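Descriptive structure summary
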Amino acid sequence: MMNPTNSRDVPLYIYHAGQCDPKKCTGRKMARFELARLYDKISRLPRSAILLDPMAEKALSPADDPKKGIIVLDCSWEEVERVFPELEKLNLEHRALPYMLAGNPVNFGRPFKLNSAEAFAAALYILGYKEQAEKVMSKFNWGHSFLELNREPLDEYATAKNSSEIVEIQSHYI
Ligand SMILES: C[S@@+](CC[C@H](N)C(=O)[O-])C[C@H]1O[C@@H](n2cnc3c(N)ncnc32)[C@H](O)[C@@H]1O
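A quick note: this is a predicted structure, and the numbers were derived from the prediction, not measured.

1. Overview of the UniProt feature "binding site: S-adenosyl-L-methionine" in the protein chain
Cross-referencing UniProt, the feature "binding site: S-adenosyl-L-methionine" maps to Thr 26, Leu 73, Leu 97 and Ser 116 in the present numbering. Relative to the helices and strands, Thr 26 is located in helix 1 (residues 26–32). Those residues within four positions of Thr 26 in sequence are excluded, and the remaining contacts are Asn 115, Ser 116, Ala 117, Phe 140 and Trp 142. Here Leu 73 shows up in strand 4 (residues 70–74). Judged by its relative accessible area of 8%, Leu 73 is buried. Those residues in contact with Leu 73 that lie beyond four places of it in its chain are Tyr 15, Val 83, Phe 84 and Leu 87.

Set out below in structure tokens:
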């Protein structure tokens, strides 16, 4: 169940491919805090939602409408090229996140390789749901550093009109 305290919150969904260490998995932790709904079957995922896909051609921007929700695919980074195509048939809006650095201890400082919780927080921030982004990050002891590390690009991305502007802003950081 989603946390019902704020009806303005964007619904967050995780397709969990069952490949991670359950103790370290950020998606499972979010589900425990009722911040996201976890699915282990592709067929159960909602349609027409935004899928955060690092290989997508189009960058997420404030022009995207998250009312149908945001989906993260929680799988091993070694498996992304195999698992993402399995979701093609669902007719989701595939979007890549622009340049940001991971703030978590596993991939600290690595560009683009965000964990599931960071990917949700970044997307929410760009889409104008900053409070929800902070709520997600507040459950992780490194969460604040992810937002601080990326505050400048995040604030700029959140002012973009569309995907092309996001790519233009990103070019100043890469
Ligand atoms: C590959 S999984 C790794 C999960 C990690 N084991 C954990 O515990 O959080 C991370 C997911 O976050 C999303 N993600 C991460 N970085 C992204 C990016 N640069 N663009 C779009 N989505 C991204 C994708 O849905 C990706 O599959």
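2. Considerations on the side chain of Asp 53
In this structure, Asp 53 sits in the loop between strand 3 (50–52) and strand 4. Despite its burial, Asp 53 pairs with no opposite charge; the closest candidate is Arg 95, at 9.2 Å N-O. For Asp 53, the contacting residues outside a window of four places in its chain are Phe 84, His 94, Arg 95 and Ala 96.

What counts as what
Residues numbered from 1 in each chain as written. Predicted model: local features only at pLDDT ≥ 70, side-chain atom pairs only at ≥ 80, totals over all residues. Heavy atoms only, no water. UniProt positions renumbered as here; feature names shortened; annotations may be inferred. Helix = DSSP H or I, 4+ residues; strand = E, 2+ residues; numbered from the N terminus. Contact = heavy atoms within 4.5 Å. Buried < 20%, exposed > 50% of the residue type's maximum accessible area, 1.4 Å probe, protein only. Lys, Arg positive; Asp, Glu negative; His and termini not counted. Salt bridge = Lys/Arg side-chain N within 4 Å of Asp/Glu carboxyl O.

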